[in-house]
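# Examination of the molecular architecture
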There are 2 protein chains.
Amino acid sequence: MVEATERRELSDATVLRLPSYLDALDSLRARGVRGVSSEELATAAGVTSAMLRKDLSQLGSLGVRGVGYETEALRSQLMTALGRDAVRPVVIVGLGRLGLAIASHGGFDGDGFEVVGLLDHDPQVVGTTVLGREVRDVRDLPQVVAVAGPGTIGVVATPGSAAQDVADLLVSAGVRAILTFAPTPLRVPEGIAVREVDLSCELRLLAYRSRAVAAHPTAGGVRA
Amino acid sequence: MVEATERRELSDATVLRLPSYLDALDSLRARGVRGVSSEELATAAGVTSAMLRKDLSQLGSLGVRGVGYETEALRSQLMTALGRDAVRPVVIVGLGRLGLAIASHGGFDGDGFEVVGLLDHDPQVVGTTVLGREVRDVRDLPQVVAVAGPGTIGVVATPGSAAQDVADLLVSAGVRAILTFAPTPLRVPEGIAVREVDLSCELRLLAYRSRAVAAHPTAGGVRA
DNA sequence: TACTGTGAACGAATTCACAGCC
DNA sequence: GGCTGTGAATTCGTTCACAGTA
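Definitions and cut-offs
Residues take numbers from 1 onward in each chain, read along the sequence in its written order. Lettering for chains starts from A, numbering for ligands starts from 1, and both go in the order in which the items are written. Given that this is a predicted model, residues contribute local features only at a pLDDT of at least 70 and side-chain atom pairs are listed and counted only at 80 or more, while totals for whole chains, interfaces and linings are drawn from all residues. The side-chain quantities take in all heavy atoms of the structure and omit both hydrogens and water. Note on contacts: a residue pair is in contact if any heavy atoms of the two residues lie within 4.5 Å. Put simply, buried area is how much 1.4 Å-probe accessible surface two parts lose in total, over both of them, once they are put together. Counted as salt bridges are all cases of a side-chain nitrogen of Lys or Arg within 4 Å of a carboxyl oxygen of Asp or Glu. Two N or O atoms count as a polar contact when they lie within 3.5 Å, although within protein this holds only if one can serve as hydrogen donor and the other as acceptor, and sequence-adjacent residues are included solely when both atoms are side-chain atoms. Each helix is a run of H or I in the DSSP string that is no shorter than four residues. Each strand is a run of E no shorter than two, and both are numbered from the N terminus. Side-chain classes are defined by residue name, with Ala, Val, Leu, Ile, Met, Phe, Trp, Tyr, Cys and Pro counting as nonpolar, Asp, Glu, Lys and Arg as charged, and the others, Gly among them, as polar. Copy-to-copy alignment: least squares on C-alpha atoms, limited to residues at pLDDT 70 or above in both. In this text, near means that some heavy atom of the residue lies within 4 Å of the molecule or strand in question. Here, a disulfide means two cysteine sulfur atoms that sit within 2.5 Å of each other. Classification of residues uses two cut-offs on accessible area relative to the type maximum, computed with a 1.4 Å probe and protein chains only: under 20% is buried, over 50% is exposed, and between them is partly exposed.

## Description of the interface of chain B and chain A
With 71 residues of chain B at the interface, the matching set in chain A holds 71 residues. Of the roughly 6,500 Å² buried where chain B meets chain A, counting both sides, 64% is carbon and sulfur surface. Per-residue buried area on chain B facing chain A is highest for Leu203, Arg204 and Tyr208 of chain B; these three make up 12% of the total on that side. Seen at the junction of chain B and chain A, the total is four salt bridges. With a closest N to O distance of 2.5 Å, arginine 209 of chain A and aspartate 12 of chain B form a salt bridge. Our count for the contact surface shared by chain B and chain A stands at 17 residue pairs in polar contact (both at pLDDT 80 or more). Only α1 (12-30), α2 (38-45), α4 (71-81), β3 (88-93), α5 (97-104), β9 (177-180), β10 (193-196) and α8 (199-215) of chain B provide two or more residues apiece to the side of chain B that touches chain A. Per-element accounting of the side of chain B that touches chain A gives the leading share, 16 residues, to α8 of chain B. By residue class, the composition of the side of chain B that touches chain A is 40 nonpolar, 13 polar and 18 charged.

## Focus on the relation of the copies chain B and chain A
Overlaying chain B on chain A yields an RMSD of 0.1 Å, the required transformation being a rotation through 180° with an accompanying axial translation of 0.0 Å. Taken together, the rotation angle and the small translation identify this as a two-fold axis. Distance from the rotation axis, computed per C-alpha, reaches its smallest value in chain B at alanine 101 of chain B: 3.0 Å. Comparing interface residues between copies, 100% of those in chain B also lie at the interface in chain A; the contact surface is shared.

## Focus on the protein's contact with DNA strand D
Inspection of the region around DNA strand D gives 22 residues, with Arg17 of chain A together with Ser38, Gly63, Gly66 and Tyr69 of chain B positioned closest. What you see for DNA strand D is that sugar and phosphate hold 58% of its atoms within 4 Å of the protein. In this structure, arginine 53 of chain A approaches DNA strand D through a side-chain N or O atom, which is 3.4 Å from a base nitrogen. For the surface near DNA strand D, the elements supplying multiple residues, two or more each, are α1 (12-30) and α3 (49-57) of chain A together with α3 (49-57) of chain B. Tallied by class, the residues present in the surface near DNA strand D amount to six nonpolar, nine polar and seven charged.

## Considering the state of the cysteines
Within this structure, the stated rule accounts for zero disulfides over all chains. Between cysteine 201 of chain A, a free cysteine, and cysteine 201 of chain B, which holds the nearest cysteine sulfur, the sulfur-to-sulfur gap is 19 Å. Under the relative-accessibility criterion, cysteine 201 of chain B is labelled buried at 9%.

Put into structure tokens, the structure is as follows:
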């Protein structure tokens, strides 16, 4: 028999938008608003109302036709859909400035995630205390992940030259989801989720787009 | 008469990939490789060969059928297409840990970009020297941008609550391209290019995908 | 009446597969 | 023969427009 809570797979694009709906709902809820239309919520989240309804409809029938959505109920539905019932452990490898920024970034500790390990390669950094936590040697990674469990997410904040080695280490330690900031294409086995954020690619895209706008004043700006 | 160098508009997706081709070419060039096939270059950049050929063909006919691409020539073609003949000035607003990490990130200073201004709101931070540069008050932003010129790219590394105000300030100072790390949907006039990088959305996507993999072991991992 | 949920239309991006050229 | 360049097919994401329902 099929589980009643079974859900179809959500697209990446949808999952990337759900958190903004959650944020928008939280500020509405803080103001004591009980009900909201797709139009209002979409505006607050920076998308179109059709987009929002399409996304939400994939989670089931969460609203009431002719009325709208109930903020409290919708919030908990989104929490469940995003799997925020459980806290996901995160390990950060590489504690240069970027790793440090990530480690202290609000969205990483709290809100459903918990940083459970900071690791580095540099003997000068290993053993120091960063953000109230001892930095461990990257060779201890298997133990750190073993303690944290198989749902651990690995963050690669090393220079590009070390990224592949770190990724291999993460995978062999049992990590199945990796967020990398290195501009190196990571090779990982089938079944491992990888997401790459490359800040310089983003900058270059902006440089290109704003140059194009200057050359063709008629072209409208495109939002990200 | 039409300029000989006129190019059709490139898609965002293509522009985001060009830098990785450039990186891959650079390491080939460093090893003294003179020629390369789409298959080899694509593998090095982490994409399919069809994808790479499609992207490059939009810049013109850069390769030789039956032979491949000449690394040196392709490199300079890509540099020109990405507009790296000119250095783009960058101002960074918000010097918390994230702003600091960005400011010192390799990809931002050098490689066609130059950080020309660090600004913050906090009186405790304004006036201090960060990375060999004096942090200025965010109210000086109009002057900083005026000096740097209209091609300046603005980076918003403030908390979400200040992001819209900073964006307004950037726009009124003449900035036409904004990269924001705040999880707030920015409202900007038509013609302004905006790109949002939200680290916690990326983490959540990974959390979702790796959970889905666990639930359906047959599903393959999807690459970013 | 007002607003959701959704099929259908549309558009963008990627992959396929092969014609064209060295 | 081998590899590029590219139309065609496909897949994916978004928007449209309206049927359905409190």
